[in-house]
Amino acid sequence: MWFLALGLLAIALYPLLGERALNVVYEAIVLASVGVVAVRVPARTTTRPTWAWFALGLALEMVGDTIEFVDAYHRTTVGPLTLSADLFYVLGYVALTVGGIRLLMQLGVAATRVTLLESGAFFFALLTVQWLVVTAANRVSDVSWITNVVDVSYPSMDIVLLVVVFELASNATTRSGTGQLLVASMLPLVAADEIDFLNASSYAVGGIADCLWLGSYVLWGAAALRPELPIPRRRPEPPSLSDSRSALLLLAALAIPATVFVRQVIGRQVEMYVACAGSAVVTLLVVLRMREAVRSALAQNAMLRELDQLKDDFVASVSHEFRTPLTAIDSYIELLDDDKERLDPEHREYVSIIKSSSARLVRLVSDLLLVAALQARPADARRDVEIGRAHV
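Attention in this report is confined to the structure presented alongside it. Position labels on residues start from 1 in each chain and follow its written sequence. In keeping with the predicted nature of the model, local features appear solely for residues at pLDDT of at least 70, side-chain atom pairs appear and are counted solely at 80 or more, and the whole-chain, interface and lining totals rest on all residues. Note: side-chain values were computed over all heavy atoms of the structure, leaving out hydrogens and water.

## Points about the overall build of the chain
Here is step 1: Helix and strand counts for the chain stand at 12 helices and 0 strands.
Here is step 2: Each helix is a run of DSSP H or I of at least 4 residues and each strand a run of E of at least 2, with the numbering of both proceeding from the N terminus. Ordered by position from the N terminus, the helices and strands of the chain form the series α-α-α-α-α-α-α-α-α-α-α-α.
Here is step 3: Note on contacts: a residue pair qualifies if any of its non-hydrogen atoms lie within 4.5 Å across the two residues. Nonlocal contacts in the chain, meaning residues at least 24 apart in sequence, comprise 78% of its contacts between residues at least 6 apart.
Here is step 4: Residue burial considers only the protein chains on display, and all accessible areas are found by Shrake-Rupley using a 1.4 Å probe. Accessible surface, the chain as shown: approximately 22,400 Å² in total, 66% of it carbon and sulfur.

As structure tokens, then:
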């Protein structure tokens, strides 16, 4: 945790530095974080390829930062250096996303049909809302198509990272210190990108976006210094449709209509064909997820019925098997009881105890047989028997 503490302290002091020192300190923090991640990659065993992708993604992001700082105009114009920095940024996002997906596959999350349906619903809901609110409004018609592609790539990759974050956060294996730091490292990255995208014209070195980007680097470095995530040997069961997941699916289904409604109320333009297409895809995925939940519930119900039938058969079989030796024991006890005059008082007491215990066992077995017989009957017949017994 020393690296995390030092990194957060450096980030807290970062905005207070002079203009010339800001870029130097930023690059120093980034280089230290990326170096820690890269050095720790060989120490991994089961997750080494995943951390290699993380290290590659962070290194590409660092190269993009360096190119931007070298750019003399620094976001005042869109020149070759700026476009090359954007290219490294986008490639870095791709590498980080590949690493996150690889980790999910190792945890047995990304391979399940249920998880793919949920992730797809969240992805298309967020992508459509992002397009309606941010991307479409920031597209510029008088710039090159490459610039527009880059501008669309940033929010799209952010959405993919958010889906990865959701799946990692909902997995029990990632609730350890390493998993929590990994999840926390992606959130500032996405938040900083959204802030930068919405306020590109007012960007300032040393602002909140830079602090969030630095926080992401530091958290990744701190996660790399933690012990390796335990990878389960067996594939875990698909996640059940809990209340929280149901609420998130409902939110995904309502996000696009709510966005269209709000933008219509405030008088903003809405690309209805995008909204309709996105809403249709999200609705289809949510319906398929609900279908999977119903199928799972029916399968579990059938399995429970089968287990209940096996239990009833076992009880009936055991009860019959118990009754036969108990009948023989009771018969011999009756013979001893008939000839108890020849026994001394102590032995007569023993016979009496055995007789009462045997009678108790016979009653218990009879009750078990009665219960098994009642459960084997239809529900109406069981209800009639219960009513008759109640009247008696």
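## Side note on the nonpolar core
Here is step 1: Judged by nonpolar contacts, the single largest core of 47 residues is most densely connected at Tyr26, Trp51, Leu168, Leu182, Met186 and Trp220.
Here is step 2: Looking at this core, the elements that each hand over two or more residues are helix H1 (2-13), helix H2 (19-40), helix H3 (48-70), helix H4 (80-106), helix H6 (145-169), helix H7 (177-198) and helix H8 (208-225).
Here is step 3: It is H8 that contributes the most residues to this core, 11 residues altogether.
Here is step 4: With residues up to four places along the chain from it excluded, the contact list for tryptophan 51 reads Val37, Val41, Arg44, Leu182, Trp220, Ala223 and Ala224. In this description, a nonpolar core means a group of buried Ala, Val, Leu, Ile, Met, Phe, Trp, Tyr and Cys residues linked to one another through side-chain atoms lying within 4.5 Å. Only protein chains enter the accessibility calculation, which uses a 1.4 Å probe; a residue is then buried when its area is under 20% of its type maximum, exposed when over 50%, and partly exposed in between.

## Re the pattern of salt bridges
Here is step 1: Whenever Lys or Arg places a side-chain nitrogen within 4 Å of a carboxyl oxygen from Asp or Glu, that contact is recorded as a salt bridge. One pass over the full model with this rule turns up 2 salt bridges.
Here is step 2: Ionic pairing is found between arginine 289 and glutamate 118, a salt bridge with its closest N-O pair at 2.8 Å. One end of the pair, arginine 289, is in helix H10 (residues 272-338); the other, glutamate 118, is in helix H5 (residues 113-138), with 171 residues separating them in the sequence.
Here is step 3: Given the relative accessible area of 3%, arginine 289 is considered buried.
Here is step 4: Between arginine 295 and glutamate 292 there is a salt bridge whose closest N-O contact spans 3.5 Å. Taken as a pair, arginine 295 and glutamate 292 lie in helix H10 at a separation of 3 residues, close to a single helical turn.
Here is step 5: According to the relative accessible area criterion, glutamate 292 is buried, its value standing at 13%.

## Looking at H2
Here is step 1: Spanning 22 residues, H2 covers 33 Å between terminal C-alpha atoms, matching the ideal 32 Å at 1.5 Å per step.
Here is step 2: Turning to H2, its buried residues are Leu22, Tyr26, Glu27, Ile29, Val30, Ser33, Val34, Val36 and Val37.
Here is step 3: Turning to H2, the residues buried within the fold contact H1, H3 and H8. For a helix, the expected span equals 1.5 Å multiplied by the residue count minus one.

## Quick word on helix H9 (residues 243-265)
Here is step 1: Compared with an ideal rise of 1.5 Å per residue, which puts 23 residues at 33 Å, H9 spans 31 Å between its outermost C-alpha atoms and is within 8% of the ideal.
Here is step 2: Taken as a whole, H9 carries its principal kink of about 35 degrees at alanine 255; the proline proline 257 stands between one and four residues after it.
Here is step 3: Restricting attention to buried positions, one finds in H9 the residues Arg245, Leu249, Ala252, Ile256, Thr259, Val260 and Arg263.
Here is step 4: Remark: glycine 267 follows H9 within two positions and exhibits a positive phi of approximately 80 degrees. The angle separating two fitted axes, one through the seven residues that finish at a residue and one through the seven that start at it, defines the bend at that residue.

## Observations concerning the environment of valine 63
Here is step 1: Following the sequence through the fold, valine 63 ends up in helix H3.
Here is step 2: Residue class for valine 63 comes out partly exposed when judged on its relative accessible area of 30%.
Here is step 3: The sequence separation of valine 63 and leucine 31 amounts to 32 residues, and the corresponding C-alpha distance is 10.0 Å.

## With respect to the packing of H2 against H3
Here is step 1: For helices, the fitted axis covers only the stretch in contact; all axes are lines through C-alpha atoms, and the angles between them, taken along N-to-C directions, range from 0 to 180 degrees. Contact geometry for H2 and H3: axes closest at 9 Å, N-to-C directions at 165 degrees. Between H2 and H3, the crossing angle belongs to the class labelled roughly antiparallel. Our pair here, H2 against H3, has a crossing hand that is left-handed. Together, Asn23, Tyr26, Glu27, Val30, Leu31, Val34, Val37 and Ala38 of H2 and Trp51, Ala55, Leu58, Ala59, Met62, Asp65, Thr66 and Phe69 of H3 make up the contact between the two elements.
Here is step 2: Amino acids are sorted into nonpolar (Ala, Val, Leu, Ile, Met, Phe, Trp, Tyr, Cys and Pro), charged (Asp, Glu, Lys and Arg) and polar (every other residue, Gly among them). Classifying every residue of the contact of H2 with H3 gives 12 nonpolar, 2 polar and 2 charged. The labels follow the angle: roughly parallel below 35 degrees, roughly antiparallel above 145, roughly perpendicular from 65 to 115, and oblique for the rest. Crossing chirality is assigned from the near helix's rotation relative to the far helix, an anticlockwise turn below a right angle marking it left-handed and a clockwise turn marking it right-handed.

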